[in-house]
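# Structural features, examined
As a plain string of letters, each chain reads:
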Amino acid sequence: MSEDGLPPLREVIARHGLDARKGLGQNFLFDLNLTRRIARSAAPLSASTVVEIGPGPGGLTRALLLEGARKIVAVEKDTRALPALQEIAAHYPGRLEIVEADALRYDWTAHITGDAKIVANLPYNIATPLLTGWLTGPWPPWFSSLTLMFQKEVAERIVAAPGSEAYGRLSIISQWCASAKKLFDIDRRAFTPPPKITSSVVQLIPKSERLPACTISVLEKVTAAAFGQRRKMLRSSLKSLHPDMSKLLDGLGIDANLRAEQLAVADFARIAASLESDPV
Ligand code: SAM
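Taken in spatial order, the 7 strands line up as S4-S3-S2-S5-S6-S9-S7 in an open sheet, and their pairing is mixed. Of all strands in the sheet, those with a lone pairing partner are strand S4 (96–100) and strand S7 (178–186), marking the two edges. Adjacent strand axes in the sheet meet at a mean angle of 20° when their direction is disregarded. Both strand S5 (residues 116–121) and strand S6 (residues 145–151) contribute to a ladder of 5 bridges, which runs parallel. Directly across from Lys117, in S6, lies its bridge partner Ser145. Those strands touched by helix H4 (residues 82–91) are strand S3 (71–76) and S4, and its axis lies near 165° from that of S4. Strands strand S2 (49–53), S5, S6 and strand S9 (199–206) of the sheet are contacted by helix H6 (residues 127–135), whose axis makes an angle of about 155° with S6.

Printed below as a string of structure tokens:
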């Protein structure tokens, strides 16, 4: 028995035939010290609904419960994992709700009420679309924090500062919507099976307002154009968005000779807002 009185995860996986499937991004964490560390990073857990994406055999779920989560909604696509999760739910009556669904298509606001914290060891193949989907949804959002595991390279893009190699579209959208911090790395060998590279836990706390205000689709157009040709100066990379881009940038006090990676997050949002108020 483990310290929560439930069978060890390796036994759960063997008993339920949960061999890891690559297509579902399944890299399981067995080490309770690590899963508890992730759970603690999202503390306090007792005043919110904890939403976990991809509980799989339930390693992180069990850590969240041990760390005091009062109510977890766990969304899993792999039906093979459901019996194992039901055993956990039976062990913690009323504290674990299991939802069989594709997290990419799930209607969060229709199902989750009150304060919610998302905590997950995300399936790598859909980690970025899940994050951007949450960040580009209605605002203020339905969650008050996101504590998520990504591939290290994706984590670095989320938190990257201007001037760095990793700074790009994902940094802009993440930091326009939230304050983002990389908390710690987890060695690939901690997972079963081990993925190719190191993972990192990132925490994002949504801002009450996304400022400077602009329309997300326009902001995305600007960042796509700017970073699509990241070595070019803005007057050239953004040229297709406005007949007189140099003048528009000049009006904002932004040097048109800068390149995308030299521009602050707020400046991208100001360009988007200006394009909206001065449409072509
Ligand atoms: N939470 C477990 C852990 O930490 O050991 C498993 C994490 S594993 C990296 C990702 C989990 O996400 C798997 O259980 C997988 O089946 C699930 N998953 C993959 N795609 C999904 C989707 N579209 N919606 C919900 N869950 C998904």
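Still to come is the rest of the account.
What follows concerns the pairing of S9. Across the 8 residues that make up S9, a large majority, 7, are buried. With 6 bridges joining them, S6 and S9 adopt antiparallel strand pairing. Opposite Gln151, over in S9, you have Ser199 as the bridge partner.

With that settled, consider the layout of surface pockets. What the largest pocket holds in volume is close to 420 Å³. Looking at the largest pocket, it is lined by 30 residues, and the ones nearest its centre are Leu24, Gly25, Gly54, Glu76 and Pro123. Taken together, the elements giving at least two residues each to the lining of the largest pocket come down to strand S1 (28–29), S2, helix H3 (59–66) and S3. Looking at the lining of the largest pocket, its residues break down into 16 nonpolar, 10 polar and 4 charged. Of the voids in this model, the second largest pocket is the one considered here, and its volume is about 270 Å³. For the second largest pocket, the lining is made up of 13 residues, of which Lys22, Gly25, Asn27, Tyr124 and Pro195 are closest to its centre. The residue makeup of the lining of the second largest pocket, split by class, is 5 nonpolar, 5 polar and 3 charged.

Parameters and conventions
Residues numbered from 1 in each chain as written. Predicted model: local features only at pLDDT ≥ 70, side-chain atom pairs only at ≥ 80, totals over all residues. Heavy atoms only, no water. Pairing = 2+ DSSP bridges. Helix = DSSP H or I, 4+ residues; strand = E, 2+ residues; numbered from the N terminus. Axes fitted to C-alpha atoms, helices over the stretch in contact; angles between N-to-C directions. Contact = heavy atoms within 4.5 Å. Buried < 20%, exposed > 50% of the residue type's maximum accessible area, 1.4 Å probe, protein only. 1 Å grid on protein atoms, 1.4 Å probe; cavity = no way out; pocket = protein on both sides within 12 Å on 5 of 7 lines; lining within 4 Å. Points joined across faces, edges and corners; volume = space filled by probe spheres on them. Nonpolar A, V, L, I, M, F, W, Y, C, P; charged D, E, K, R; others polar.

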